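# Understanding the architecture of this molecule
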Amino acid sequence: DAGITQSPRYKITETGRQVTLMCHQTWSHSYMFWYRQDLGHGLRLIYYSAAADITDKGEVPDGYVVSRSKTENFPLTLESATRSQTSVYFCASSEQGRPEAFFGQGTRLTVV
Amino acid sequence: RKEVEQDPGPFNVPEGATVAFNCTYSNSASQSFFWYRQDCRKEPKLLMSVYSSGNEDGRFTAQLNRASQYISLLIRDSKLSDSATYLCVVTHQAGTALIFGKGTTLSVSS
């Protein structure tokens, strides 16, 4: 049971480049989330999705784009990476009607 | 002011100690409450849900006071393996995003 997986686990990219972080879950959970975690800020919500083709902004959405064409996938794209987007990114999912969420292993992104 | 506030610690305790973490939340519409645990450079993992009646899971006891908007976690007989960051988490309703406190760091030493 793979659960929820993120790829890549580590990524170094240059300022201005587009980069996509992948998230895949095998539970058929309705809800999926993207968080970033930074020292001093904790975990902050970037975007979330209630179902395929339904997405909404979280606390810190600027500079990010998401899509959800299939229930199991929720990619996060940085359109033009900036150094301030250096962070650890976590994808999570939760089941319809249940509030607790389960997290992927994270992607450590460095923008140079 | 963050919606969920925690004392960041660190809490440094010897093995066998009892340690308590506290958390407050500001939105009275919050409906579900959790403690998550996060090990260094790993993903957060659900430790336990928190109910108004209080709930216990082995050495861990969680309590919720809705009137005071206060959540607690008590760890008895601390183990070295309890060393981690403990995240207080609330949601407004099922399917909405988890809202995290910044976490409290616990270090248990022998």
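For the structure, check the block above.
Residues numbered from 1 in each chain as written. Chains lettered and ligands numbered in written order. Predicted model: local features only at pLDDT ≥ 70, side-chain atom pairs only at ≥ 80, totals over all residues. Heavy atoms only, no water.

### Structural notes on the overall build of chain B
- Along the backbone of chain B there are zero helices and eleven strands.
- Ordering the α and β elements of chain B from the N terminus gives β-β-β-β-β-β-β-β-β-β-β.
- Excluding contacts between residues fewer than 6 apart, the proportion of contacts in chain B whose partners are at least 24 apart in sequence is 56%.
- Surface exposure of chain B reaches about 5,200 Å², of which carbon and sulfur atoms provide 47%.
- Seen as two clouds, the 11 positive and the 10 negative side-chain charges of chain B have centres 4 Å apart. (Helix = DSSP H or I, 4+ residues; strand = E, 2+ residues; numbered from the N terminus. Contact = heavy atoms within 4.5 Å. Areas by Shrake-Rupley, 256 points an atom, 1.4 Å probe, with all protein chains shown as cover. Lys, Arg positive; Asp, Glu negative; His and termini not counted. Charge placed at Lys NZ, Arg CZ, Asp CG, Glu CD.)

### Considering the pairing of strand β3 (residues 19–25) of chain B
Residue and element names in this part refer to chain B.
- Side chains Val 19, Phe 21, Cys 23 and Tyr 25 project from β3 onto a buried face, and the interleaved Ala 20, Asn 22 and Thr 24 project onto a face without burial.
- Where β3 meets strand β8 (residues 70–75), six bridges bridge the pair, whose relative direction is antiparallel. For Val 19, the partnering residue across the bridge sits in β8 and is Ile 75. (Buried < 20%, exposed > 50% of the residue type's maximum accessible area, 1.4 Å probe, protein only. Pairing = 2+ DSSP bridges.)

### Structural notes on the sheet that holds strand β8 (residues 76–78) of chain A
All names here are of chain A.
- Read across the sheet, four strands follow the order β1-β3-β8-β7 without closing on themselves; strand pairing throughout is antiparallel. Bordering the open sheet on either side are β1 (4–7) and β7 (64–66), each of which pairs with just one other strand. Strand-to-strand twist across the sheet, computed as the mean angle between neighbouring axes with direction ignored, equals 20°.
- Inspection of the sheet shows β1 paired to strand β3 (residues 19–25) by four bridges, in the antiparallel sense. (Axes fitted to C-alpha atoms, helices over the stretch in contact; angles between N-to-C directions.)

### Observations regarding the layout of surface pockets
- Looking at the largest pocket, its volume works out to about 600 Å³.
- Looking at the lining of the largest pocket, the elements that each hand over two or more residues are β4 (31–38), β9 (87–94) and β11 (107–111) of chain A together with β9 (84–91) of chain B.
- In terms of residue count, the dominant contributor to the lining of the largest pocket is β9 of chain B (three residues).
- Classifying every residue of the lining of the largest pocket by side-chain character gives eight nonpolar, twelve polar and seven charged.
- Every residue lining the second largest pocket is counted, 13 residues in all, and those nearest its centre are Leu 45 and Glu 59 of chain A together with Glu 3, Leu 98 and Ile 99 of chain B.
- Within the residue set of the lining of the second largest pocket, elements represented by two or more residues are β5 (42–51) of chain A together with β10 (99–100) of chain B.
- Per-element tally for the lining of the second largest pocket: the top contributor is β5 of chain A, with three residues.
- Tallied by class, residues from the lining of the second largest pocket come to seven nonpolar, two polar and four charged. (1 Å grid on protein atoms, 1.4 Å probe; cavity = no way out; pocket = protein on both sides within 12 Å on 5 of 7 lines; lining within 4 Å. Points joined across faces, edges and corners; volume = space filled by probe spheres on them. Nonpolar A, V, L, I, M, F, W, Y, C, P; charged D, E, K, R; others polar.)

### A word on the nonpolar core
- Grouped together as the largest cluster of nonpolar side chains are 23 residues, with contacts concentrated most on Phe 21, Trp 35, Ile 71, Leu 73, Ile 75, Tyr 86 and Leu 106 of chain B.
- Looking at this core, the elements with two or more residues in it are β3, β4 (32–38), β7 (60–65), β8, β9 and β11 (104–109) of chain B.
- In this structure Ile 75 of chain B touches Ala 17, Thr 18, Val 19, Phe 21, Arg 59, Phe 60, Asp 82, Tyr 86 and Leu 106 of chain B, once residues within four positions along its chain are discounted.
- Listed in part, the 19 residues of the second largest apolar core include Val 19, Trp 34, Tyr 64 and Ala 81 of chain A. (Core = buried A, V, L, I, M, F, W, Y, C linked by side-chain atoms within 4.5 Å.)

### Some words on the interface of chain B and chain A
- Listed by partner, the interface residues are 19 residues for chain B and 20 residues for chain A.
- Roughly 1,600 Å² is buried in total at the junction of chain B and chain A, and carbon and sulfur atoms are behind 60% of that figure.
- Here chain B is connected to chain A by zero salt bridges.
- On inspection of chain B and its partner chain A, the count reaches four residue pairs in polar contact (both at pLDDT 80 or more). (Buried area = accessible area lost by both parts, 1.4 Å probe. Salt bridge = Lys/Arg side-chain N within 4 Å of Asp/Glu carboxyl O. Polar contact = N/O pair within 3.5 Å; in protein donor to acceptor, adjacent residues only side chain to side chain.)

### A few points about the state of the cysteines
Residue and element names in this part refer to chain A.
- One pass over the full model with this rule turns up two disulfides over all chains.
- In this model Cys 23 forms its disulfide with Cys 91; the gap between the sulfur atoms is 1.9 Å. Judged by the torsion about the S-S bond (-75°), the Cys 23/Cys 91 disulfide is left-handed. Taken as a pair, Cys 23 in strand β3 and Cys 91 in strand β9 lie far apart in primary sequence, 68 residues in all. (Disulfide = S-S within 2.5 Å.)

By themselves, these figures tell us nothing about what the structure is for.
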